[in-house]
Amino acid sequence: MPWKRFRNAYPGRESGPWKMNTLQTILDSVIHSNAGEPNHAGFGWTGIGTMPEVGPAAFRHVVFAPLPEDEVERRQRRSPTTFPPRVMAYLASFNGAHFYQGGLSIFGLRAEVSRDPERRQPFDLIDHNDLLRPANSNPEDFYIGGLDEDGSVLYFRVWGARVYRRLETSTEPLEQWENFESMLECVLNRLADEFKGD
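It should be emphasised that the depicted structure is a prediction, and the values quoted were computed from it without experimental measurement. (Residues numbered from 1 in each chain as written. Predicted model: local features only at pLDDT ≥ 70, side-chain atom pairs only at ≥ 80, totals over all residues. Heavy atoms only, no water.)

## Let's talk about the environment of Arg 133
Argument step 1. Mapped onto the fold, Arg 133 is located in the loop between β5 (104-106) and β6 (141-147).
Argument step 2. On the basis of relative accessibility, which here comes to 24%, the residue Arg 133 falls in the partly exposed class.
Argument step 3. Separated by 10 residues in sequence, Arg 133 and Tyr 143 place their C-alpha atoms 7.9 Å apart.
Argument step 4. Those residues in contact with Arg 133 that sit more than four places away from it in its chain are Asp 127, His 128, Asn 138, Pro 139, Asp 141 and Tyr 143.
Argument step 5. From its side chain, Arg 133 meets the backbone oxygen of Asn 138 in a polar contact 2.8 Å long. (Helix = DSSP H or I, 4+ residues; strand = E, 2+ residues; numbered from the N terminus. Buried < 20%, exposed > 50% of the residue type's maximum accessible area, 1.4 Å probe, protein only. Contact = heavy atoms within 4.5 Å. Polar contact = N/O pair within 3.5 Å; in protein donor to acceptor, adjacent residues only side chain to side chain.)

## Looking at unusual backbone geometry
Working note: non-glycine residues mostly have negative phi, and peptide bonds are mostly trans.
Argument step 1. The backbone of Tyr 100 sits at a positive phi, close to 50°, despite the residue not being glycine.
Argument step 2. Looking at Tyr 100, the relative accessible area reads 5%, which means it is buried.
Argument step 3. One non-glycine residue, Gln 101, lies in the positive phi region at around 55°.
Argument step 4. Position of Gln 101 among the secondary structure elements: in the loop between β4 (97-99) and β5.

## What about the nonpolar core?
Argument step 1. Of all hydrophobic cores here, the largest spans 39 residues; its most connected members are Tyr 90, Phe 99, Leu 104, Ile 106, Ile 144, Phe 180 and Leu 184.
Argument step 2. Elements with a minimum of two residues in this core: α2 (20-34), α4 (85-91), β4, β5, β6, β7 (153-157), β8 (163-166) and α5 (180-197). (Core = buried A, V, L, I, M, F, W, Y, C linked by side-chain atoms within 4.5 Å.)

## Overview of empty space enclosed by the protein
Argument step 1. Under the counting rule described, the total for this entry stands at one cavity of 30 Å³ or more.
Argument step 2. What lines the largest cavity is simply Leu 147, Glu 149, Val 187, Arg 190, Leu 191 and Glu 194.
Argument step 3. Here the lining of the largest cavity takes four residues from α5, the largest share from any one element.
Argument step 4. Along the lines of polarity and charge, the residues of the lining of the largest cavity split into three nonpolar, no polar and three charged. (1 Å grid on protein atoms, 1.4 Å probe; cavity = no way out; pocket = protein on both sides within 12 Å on 5 of 7 lines; lining within 4 Å. Points joined across faces, edges and corners; volume = space filled by probe spheres on them. Nonpolar A, V, L, I, M, F, W, Y, C, P; charged D, E, K, R; others polar.)

Pasting the structure below:
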């Protein structure tokens, strides 16, 4: 699915302070300022910024298209954990992503397990809050992603808007942000600076 179709794929799916256009502005900004226009549309995902020095199927960013609302709700019913409202909000805009070669990964909902590079899938939101959940987790922690550099994890408190980052081996937050958009913008800007310096 071409990137420009993402924003119109599911019109009207906005929730409270999480207006989709705010999140879309951040996504558009990082894509256009760091990698130019999308250059590959796979099965349910868009790859931005080819990296031939890494491999023929390597991209700077891979963003997964949102699933239909009824499919998200079906996965929610089958999940052993309840998706917080803030997670449902970002899933309405995109179904996870790998930014800067996986420097930042946002979890989504996997439709299948496949080795086909044209059928890429996000890291699974359900698995990371069940089978892969850190052993020292607070019951209210809900994991939404992670950073590759230090292996830290990103999470919400179930009914809060703030996003926290901590190491899997610690319960103390290293950073926190007011909301998902603030986290995304901050971490992407930081990774963009690091990427330019490489």
